[in-house]
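# Results of the structural survey
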Amino acid sequence: MSDNQLAPPDHRKPGPPCIFVIFGASGDLTKRKLVPALFNLRCRGLLPDRFAVIGVAITPGDDASFRAQLATDIKQFATQAVDPAAWDEFVSACYYTAGDFNQAEVFASLKQKIAAVQQEQKIPGQNVVFNLAVTPTLFGTVAEQLGVAGLLQETPDGYRRVIIEKPFGHDLASARELNNRLHSALRESQIYRIDHYLGKETVQNIMIYRFANMIFEPIWNRRYVDSVQITVAESLGVEKRGSYLDHYGVLRDMVQNHMLSVLSLIAMEPPSSISGDAVHNEKVKVLDSIRPMEPEEVIENCVRGQYGAGMVDGQKVPAYRTEANVDPNSNTETYAALRLMVDNWRWADVPFYLRTGKHLAKHFTQVVIRFKRTPLMLFGEKVRTQAGPNTLILNIQPAESITIMMRVKNPGPAVVVDTVPLDFNYDQFGKRSASTGYETLLHDCMIGDMTLFHREDSVDASWRIVNPILDVWGALPPRDFPDYAAGTWGPASADRLLEHDGRHWENPA
Ligand code: BG6
């Protein structure tokens, strides 16, 4: 293990000098997220002075053509005005090497390129990040080839880290196979499984909110909490990702990773420290406590849906089955809602409701903690039951805010109780510089902080939750797809899931 890995990570400073290799350098992720994020880090003083990017892709090209392409792309995808001098400095340290990832030669030429760039940019040490912005089927191959080429060997003056994007497999078996392949070339401490939800400011704030405020922790349990809702609603449809989404569905695309991660932050026990393993251990314990479902329980607790034609933001949109690259008879779900039970001391009997969907009525991500009703009818039964319950609402996007719904007396002679919001909005911190969402995560990787990345056992645990649902859904094709109109709140069966428990989904106005 290198000295760099042993040093405690400092989030206000850049990491040690390094080379950042992007596989899939001509792809969408590179131009939309990775390069703008690295450039933002440069502008915020969070990239090491000695730093270079090497793009690798099958597209023919050289350093000059890569730089020209980056210069064109940044105009479109920068999140703030591009300072020409800063850009020139950044792009002059960007290099390119072309080749097919299935062939050993490209890894041999990458090795030479790394040595040449180290020399040209006077980059001391041997630190290299390999970012695999490639199709998931190539993760294993690229990692194995990097290993064969000797590019993953860490030395006292060099870390070697590999970033991979979800999906980490498409079911439990394939996730395990992928992990085995990665581990044939890498130690777990070298694998950074990225989840961009964990880079979101409000998601990171969940831990601070819970563990830095004395007023919440005592009531954060089954004695006071009635239920928890986690919603990731998108107004967008499949866009240009028909072939990907039709293969995966939202259960794999959103629930297995982003949503279960948010759930584990909400439900976990206080970690012994805020760093990597301590947090991961607690998150995995929560996932392990989620009650696995038998097939009949899947039918009772899980709802799927698919959108038909409808109106979104005042525009007519087509049915999912008629979208480009989608099977016209597709049974893939574009909506999923689950009732999960976390069978542990803190949460026994408190339902966690999760829902996500494409082309819903509004774009918003939020967590709602709904508290139990007060025990006494001091102000009359009507007051007790008619005023809304206390809820704590964590708005993750697009608004970033925290609201507590409180009961107060409505002014006047009669005792009328209303529920009113107490709000904190992130805008109150003043204007923040726009970002791609990748900055924190790439910086964390460069400073060796794995806290916001998925560990092997959490990936495994989440697939164990999702896999029985996939099995039942695969075995019993839906009979009523499409079952919700685009632009609505999803299928009626999802409403019934909560109505059955005497609850309802919390939708924004
Ligand atoms: C991605 C999914 O991981 O997250 C997409 O693959 C989804 O299908 C996206 O649209 C949502 O991310 P965000 O940050 O826009 O909520």
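Residues numbered from 1 in each chain as written. Predicted model: local features only at pLDDT ≥ 70, side-chain atom pairs only at ≥ 80, totals over all residues. Heavy atoms only, no water.

### Quick notes on the site of the ligand
Taken together, Lys 166, His 196, Tyr 197, Lys 200, Glu 234, Arg 241, Asp 253, Met 254, His 258, Lys 358 and Gln 397 are the residues near the ligand. In this structure, Asp 253 approaches the ligand through a side-chain N or O atom, which is 2.6 Å from an oxygen atom. In isolation the ligand has 390 Å² of accessible area, and contact with the protein removes 79% of it. When residues in the shell around the ligand are grouped by element, the largest group, three residues, is from helix 9 (residues 242-267). Of the residues belonging to the shell around the ligand, the class tally is two nonpolar, three polar and six charged. (Near = heavy atom within 4 Å. Polar contact = N/O pair within 3.5 Å; in protein donor to acceptor, adjacent residues only side chain to side chain. Areas by Shrake-Rupley, 256 points an atom, 1.4 Å probe, with all protein chains shown as cover. Helix = DSSP H or I, 4+ residues; strand = E, 2+ residues; numbered from the N terminus. Nonpolar A, V, L, I, M, F, W, Y, C, P; charged D, E, K, R; others polar.)

### Comments concerning the packing of helix 2 (residues 28-43) against helix 4 (residues 84-91)
It is the contact of helix 2 with helix 4, at a shortest axis distance of 10 Å, that shows an interaxial angle of 115°. Pair helix 2 / helix 4 crosses with right-handed handedness. Facing helix 2, whose interface residues are Val 35, Leu 38, Phe 39, Arg 42 and Cys 43, helix 4 presents Ala 86, Trp 87, Glu 89 and Phe 90. (Axes fitted to C-alpha atoms, helices over the stretch in contact; angles between N-to-C directions. Left-handed = near helix turned anticlockwise from the far one by under 90°. Contact = heavy atoms within 4.5 Å.)

### Describing the packing of helix 9 against helix 10 (residues 276-289)
For the pair helix 9 and helix 10, interaxial distance at closest approach is 9 Å and the crossing angle is 105°. As the angle between them shows, helix 9 and helix 10 are arranged roughly perpendicular. Taking contact as the criterion, the partners of Leu 260, Ser 261, Leu 263, Ser 264, Leu 265 and Ala 267 in helix 9 are, on helix 10, Lys 283, Val 286 and Leu 287. Looking at the contact of helix 9 with helix 10, its residues break down into six nonpolar, two polar and one charged. (Parallel < 35°, antiparallel > 145°, perpendicular 65-115°, else oblique.)

### Some remarks on the sheet that holds strand 2 (residues 51-57)
Ordered by their spatial adjacency, six strands build an open sheet running 3-2-1-4-5-6, and the pairing between neighbours is parallel. On the outer flanks of this sheet lie strand 3 (94-98) and strand 6 (191-194), each paired with one strand and no other. Taken pair by pair, the neighbouring strands of this sheet meet at an average axis angle of 20°, ignoring direction. The sheet contact formed by strand 5 (residues 160-165) and strand 6 spans four bridges and is parallel. From the neighbouring strand, Ile 164 faces strand 6, where its bridge partner is Arg 193. Along the sheet, helix 2 contacts strand 1 (18-23), strand 2, strand 4 (128-132) and strand 5; its crossing angle with strand 1, the most-contacted strand, is approximately 165°. The sheet strands contacting helix 5 (residues 104-120) are strand 1, strand 2, strand 3 and strand 4, and the helix crosses strand 3 at an angle near 160°. (Pairing = 2+ DSSP bridges.)

### Some remarks on the sheet that holds strand 16 (residues 401-410)
Strand pairing in a sheet relies on backbone hydrogen bonds, with the paired strands running either antiparallel or parallel. Taken together, eight strands build an open sheet; the order of strands is 8-12-13-7-14-15-16-17 and the sheet is mixed. Looking at strand neighbours, the two that pair on one side only are strand 8 (302-305) and strand 17 (416-425), the edges of this open sheet. Mean inter-strand twist for the sheet, computed between neighbouring axes without regard to direction, equals 15°. Taken strand by strand, helix 8 (residues 201-211) contacts strand 15 (391-397) and strand 16, and its axis lies near 145° from that of strand 15. Here helix 9 sits on the sheet and contacts strand 7 (225-233), strand 12 (335-341), strand 13 (351-357), strand 14 (364-371) and strand 15; the angle it forms with strand 13, its principal contact strand, is near 145°.

### Some details on the nonpolar core
With 128 residues, the main nonpolar core has Phe 23, Phe 130, Leu 263, Phe 352, Leu 442 and Met 446 as its most contacted residues. If you tally residues by element for this core, the top one is helix 9, at 11 residues. If we skip the residues at most four places from it in the chain, Met 446 touches Gly 15, Pro 16, Cys 18, Phe 20, Leu 38, Leu 41, Leu 47, Phe 51, Val 129, Tyr 159 and Arg 161. Counting residues in hydrophobic clusters, the runner-up holds 22 residues, among them Tyr 244, Leu 245, Leu 360 and Tyr 484. (Core = buried A, V, L, I, M, F, W, Y, C linked by side-chain atoms within 4.5 Å. Buried < 20%, exposed > 50% of the residue type's maximum accessible area, 1.4 Å probe, protein only.)

### Some details on the pairing of strand 1
Strand 1 sits mainly inside the fold: six of its six residues count as buried. Because side chains alternate across strand 1, one face comprises the buried residues Cys 18, Phe 20 and Ile 22, and the other comprises Ile 19, Val 21 and Phe 23, equally buried. When strand 1 meets strand 2, the two strands line up parallel, connected through six bridges. In the strand pairing of strand 2, Cys 18 is matched with Phe 51. Handedness of the strand 1-helix 2-strand 2 crossover: right-handed. As paired elements, strand 1 and strand 4 share five bridges and run parallel to each other. (Right-handed = clockwise from strand over helix to strand, strands pointing away.)

### As for helix 8
Every buried residue of helix 8 is accounted for by Thr 202, Val 203, Asn 205, Ile 206, Met 207, Tyr 209 and Arg 210. Those residues of helix 8 that are buried lie in contact with helix 9, helix 10, strand 15 and strand 16.

### A closer look at the environment of Arg 252
Structurally, Arg 252 can be placed in helix 9. Exposure remark for Arg 252: the relative accessible area of 16% places this residue in the buried category. On a C-alpha basis, the gap between Arg 252 and Ser 330 in space is 16 Å, while along the polypeptide they are 78 residues apart. When residues no more than four places from it in sequence are discounted, the contact partners of Arg 252 are His 170, His 247, Asn 257, Glu 333, Trp 463 and Leu 470. A polar contact of 2.4 Å, which involves the side chain of Arg 252, links it to the backbone oxygen of His 170.

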